[in-house]
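Coordinate inspection notes
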Amino acid sequence: MMTVYVRLKSIGKITKNVKKDIFFIENKPSSLRAFICECVRTCLKLHREKNKESSLRSPLSQIEYEEMKYIGKFAFGLNYNQNDISDEKAIKIAIDAFNDGLVRIFKADTELCCLDEELDVSEGDEFTFVKLTMLSGRMW
């Protein structure tokens, strides 16, 4: 198992800071395609674990209630979307998004452009995923 750091940033988000998350990769990837596959599997695993936890969620404690009352937002930690997606379908969607230019991936400050080019991933490397959003609207 290997640990890498992943920063996720969507251009459309208002916040300028990007949180660095720890990703535990099971297999050392040899290419960008393999790295994307490992990241998708990690995300799906975390998503499935979160779904299991949310189904076991107990009512809010008094402390949780007071904290949420203070910030003015109540969240119960429930995930109402119980739809599951296969690993293969999720990987295909991620690869298609990269090929279509909707996602850009950087290792440190270097943009990774070729899916099948050799990629050296070491313990503690830092990657940034930038999700590009398209502006749309209509003219009056």
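The structure under discussion appears in the preceding block.
The written sequence of each chain sets the order in which its residues are numbered from 1. For this predicted model, a pLDDT threshold of at least 70 governs which residues receive local features, and a threshold of 80 or more governs which side-chain atom pairs are given and counted, while totals over whole chains, interfaces and linings are taken from all residues. Working from all heavy atoms in the structure, the side-chain values ignore hydrogens and water.

**A word on the overall build of the protein chain**
By the criteria applied, helices consist of DSSP H or I runs no shorter than four residues and strands consist of E runs no shorter than two, each listed in order from the N terminus. For the protein chain, the helix and strand inventory stands at three helices and five strands. Ordered by position from the N terminus, the helices and strands of the protein chain form the series β-β-α-α-α-β-β-β. By residue count, 26% of the 140 residues in the protein chain fall in the buried class. Contacts were defined at the residue level, with two residues in contact if any of their heavy atoms lie within 4.5 Å. Sequence-distant contacts, at least 24 apart, represent 58% of the contacts inside the protein chain between residues at least 6 apart. Here the open area of atoms and residues is found with the Shrake-Rupley method and a 1.4 Å probe, where only the protein chains shown may cover a residue. Carbon and sulfur atoms make up 56% of the accessible area of the protein chain, which amounts to about 10,600 Å² in all. Whether a residue is buried, partly exposed or exposed follows from its accessible area with a 1.4 Å probe, protein chains only, as a fraction of its type maximum: under 20%, in between, or over 50%, in that order.

**Details of helix α3 (residues 87-99)**
Along an α-helix, residues three or four positions apart point the same way, because every turn accommodates 3.6 residues. One less than the residue count of a helix, multiplied by 1.5 Å, gives the span that helix is expected to have. Between its terminal C-alpha atoms α3 stretches 18 Å, which fits the 18 Å expected from 13 residues at 1.5 Å a residue. All of the buried residues along α3 are A90, I91, I95, A97 and F98. Take α3 and look down its axis: the buried residues cluster within an arc of 160°, on one side only. Looking at α3, the residues exposed on the side facing more than 90 degrees away from the buried face are E88, K89 and K92. In the segment just after α3, G101 is the residue with positive phi, at about 80°. The arc refers to the directions leading from the helix axis to the C-beta atoms.

**Thoughts on the layout of surface pockets**
Approximately 760 Å³ is the volume found for the largest pocket. Both site types are read off a 1 Å grid over the protein atoms alone. A 1.4 Å probe that fits but cannot get out defines a cavity, while an open set with protein on both sides within 12 Å along at least five of seven lines defines a pocket; lining residues have an atom within 4 Å of a point. In this structure, the largest pocket is lined by 24 residues; those nearest its centre are L8, V40, C43, A94 and F129. Elements represented by at least two residues in the lining of the largest pocket include exactly β1 (2-10), α1 (32-55), α3, β3 (103-107) and β5 (126-131). Top element by residues in the lining of the largest pocket is α1. It accounts for eight residues. Looking at the lining of the largest pocket, its residues break down into 19 nonpolar, two polar and three charged. Grid points are joined across faces, edges and corners, and a volume is the space filled by probe spheres set on the points. Volume-wise, the second largest pocket comes out at about 230 Å³. Residues are grouped as follows: Ala, Val, Leu, Ile, Met, Phe, Trp, Tyr, Cys and Pro are nonpolar; Asp, Glu, Lys and Arg are charged; every other residue, Gly included, is polar.

**Details of the nonpolar core**
Residues belong to a common nonpolar core when they are buried Ala, Val, Leu, Ile, Met, Phe, Trp, Tyr or Cys residues joined through side-chain atoms within 4.5 Å. The biggest cluster of nonpolar side chains holds 23 residues, and the ones touching the most others in it are V4, L32, F35, I36 and F127. Secondary structure elements with two or more residues in this core: β1, β2 (20-25), α1, α3 and β5. Those residues in contact with V4 that lie beyond four places of it in its chain are D21, I22, F23, I25, F35, V121, S122, D125 and F127.

**Re the pairing of β3**
The sheet contact formed by β3 and β5 spans five bridges and is antiparallel. By the bridge assignment for β5, F106 is matched with T128. Strands pair, by our definition, only if DSSP identifies at least two bridges between them. In the sheet, β3 pairs with strand β4 (residues 110-112) via three bridges, with the strands oriented antiparallel. For K107, the partnering residue across the bridge sits in β4 and is T110. Between β3 and β4, which pair antiparallel and follow one another directly, the connecting turn spans two residues, one of which, A108, has a positive phi of 55°.

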